[in-house]
Amino acid sequence: MAYYKNSAYLTLNNHSAFDLTHHPGAKTSNSGIYRCDGCGHEIVSVSPHPLPPQNHHQHTQAQGHIRWRLVVATTH
Ligand SMILES: [Zn+2]
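Below, the structure is looked at part by part. (Residues numbered from 1 in each chain as written. Predicted model: local features only at pLDDT ≥ 70, side-chain atom pairs only at ≥ 80, totals over all residues. Heavy atoms only, no water.)

### Comments concerning the coordination of the zinc ion
Definition in use: In this analysis a donor is any N, O or S atom within 2.8 Å of a metal ion (3.2 Å for sodium, potassium and calcium), and since water is not included, sites may seem incomplete. Only DSSP runs of H or I covering at least 4 residues are called helices, and only runs of E covering at least 2 are called strands; the numbering of each starts at the N terminus. Buried, partly exposed and exposed residues are distinguished by accessible area as a fraction of the type maximum, computed with a 1.4 Å probe on protein chains only: under 20%, between the cut-offs, and over 50%, respectively.
Bound to the zinc ion on the protein side are Cys 36 (SG), Cys 39 (SG), His 57 (NE2) and His 59 (NE2), at distances that span 1.9 to 2.3 Å. One chain supplies every donor for the zinc ion, spaced along it as C-x2-C-x17-H-x1-H. A residue pair is termed long-range when its members are at least 10 positions apart, and Cys 36 in strand 2 (residues 32–36) and His 57 in the loop between strand 3 (42–45) and strand 4 (68–73) qualify at 21 residues. Across this residue pair, the class does not change: Cys 36 and His 57 are buried.

### Quick look at the sheet that holds strand 4
What counts, and what does not: Paired strands are those between which DSSP finds at least two bridges.
As summarised here, the arrangement of the 4 strands in space is 1-4-2-3, forming an open sheet in which the pairing is antiparallel. The sheet is open, and its two borders are formed by strand 1 (21–22) and strand 3, each paired with just one other strand. Note that strand 2 and strand 3 share 4 bridges and pair antiparallel. If you follow Ile 33 over to strand 3, its bridge partner there is Val 44.

This is the structure we're talking about:
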């Protein structure tokens, strides 16, 4: 879970970019904090660089494949 101290620096946004999951190594569409849906691991990725690859971290079989989801997007 990502933490923050001052909510004045974050704005709720219901953009569909937060609903998508991305494969490991996919191009980062929005710079920001991404979370793996399988295990909760969080990373920072910058557009247009690729998201971390499949071998970035290990999952149990129950956790399935790495799926990156945008949780906090930068605006600049
Ligand atoms: Zn994971």
